[in-house]
Amino acid sequence: MMYKQAMQAAEFCLDPDTIYLNHAAVAPWPVRTVEAVQAFAAENGRHGATHYPAWLHTEAQLRERLRTLINAASVDEIALLKNTSEALSVVAWGLPWSAGDNVVISDREFPSNRVVWESLDTLGVETRRVGLDSADTPEAALVAAMDARTRLLSVSSVQFGNGLRLDLETLGAACRARDILFCIDAIQSLGAHRFDVQACHADFVMADGHKWLLAPEGLAVFYCRQSVMNRLTLRQYGWHMLAETGDYDSSSRTVADTARRFECGSPNMLGIHALHASLGLILEHGMERIEQRVLDNTRYMLDFLAGRAERFEILTPPASERHAGILTFRPRHAPAQALFDWLHEHRVICALRAGGVRFSPHYHTPRAQLQQALDRVDQWRA
Ligand SMILES: Cc1ncc(COP(=O)(O)O)c(C=O)c1O
């Protein structure tokens, strides 16, 4: 407890009057990330790109940190893209499709992981949206929707609305057995929950840095399994993706044989310095400890609300293997908007999602603050 309080004080600079339960949307940065951005800006202002080799060193370190985070076999499988949506588009519009093929997704996906597949309807590709509520298990429902023309399954590891966590290893094994590609939007997992691309047989994984990874918007990790990389036709071109990237006089068009081929132009160096700092913090604490703390928070909120079941309906699955850092609930006798407005008035920062109020504290959220937020919920009268 003492350790945690000290850690919170030293590593975060959040206004103590704000109860921030919105990491599933956009997270506040740690102090070291704020400082890394300030230092990068100051250096740039004073020296321009004089120290570019040092920036490249930070970029290389970031790739290694990302590799560690997701347990990729090699940094060569990691590209730095703009956001989750861009990475999904690289996959959807890179794969070869035939009319009559289909893609399986869930009916709970964030728009980015729906619209990109639906856009393939111009090629005769069907997107199958599977309802997750009616089946015995969500994994069984997703697998049941697959057939001989299914080319790819694309799911969020944790659903943005109700916080449902899928069993990725089961889904990955099912895809592998059927020779179906497995694509995971991991933005609601990375930094909150342990993630292993090899254990879950992922072919493609993408996640922007601005949620549980505690970094700015606009820099995302894109993992592409080496063995499927050549299946993606490239749709964007530029100097940075070339095999001989530093040789501006070369007339070669040969692209890198690594995931750098997906990075067409200049990198987001500012974002790289920020994500590098945030990920440093996360890896120092360790994902096992962070995950435990995140799950403890969710359990704490679930227990509190379960004790007020006559007033609030919990929309997040209660079993610990079925959720991560998101807890969504709604008042039974009034609109969720009214509760949300009351919480905002009292500086409890959260979100309205899936017809309810979504709380998403991170590992560093003080327990006392979480309790204050829950007390506010309790005090609210419609
Ligand atoms: C599941 C999921 N995917 C994707 C995104 C956003 O993606 P992008 O990085 O493209 O902004 C969100 C944001 O809320 C999300 O919850």
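Refer to the structure above for everything that follows.
Residues numbered from 1 in each chain as written. Predicted model: local features only at pLDDT ≥ 70, side-chain atom pairs only at ≥ 80, totals over all residues. Heavy atoms only, no water.

1. Looking at the pairing of strand E13 (residues 356-359)
Across 3 bridges, the pairing between strand E10 (residues 327-331) and E13 is antiparallel. Paired with phenylalanine 329 across the strands is valine 357, a residue of E13. Sheet topology places strand E12 (residues 351-353) next to E13; 3 bridges connect them, and they run antiparallel. Each bridged residue has a counterpart across the sheet, and for alanine 351 the counterpart in E13 is arginine 358. (Pairing = 2+ DSSP bridges. Helix = DSSP H or I, 4+ residues; strand = E, 2+ residues; numbered from the N terminus.)

2. Some points on the pattern of salt bridges
When charged atoms on two side chains of opposite charge get close, those side chains can pair. All chains considered together, the criterion is met by 20 salt bridges. Of the charged contacts, one joins arginine 128 and glutamate 126 as a salt bridge, the two residues approaching to 3.2 Å between their closest N and O atoms. The shortest N-O distance in the salt bridge between aspartate 147 and arginine 128 comes to 2.9 Å. A residue pair is termed long-range when its members are at least 10 positions apart, and aspartate 147 in the loop between helix H6 (138-144) and strand E5 (150-156) and arginine 128 in strand E4 (residues 126-130) qualify at 19 residues. Residue classification places aspartate 147 among the partly exposed positions, given a relative accessible area of 35%. A cluster of three or more residues bridged by salt bridges with shared partners is formed by Glu11, Arg32 and Glu284. (Salt bridge = Lys/Arg side-chain N within 4 Å of Asp/Glu carboxyl O. Buried < 20%, exposed > 50% of the residue type's maximum accessible area, 1.4 Å probe, protein only.)

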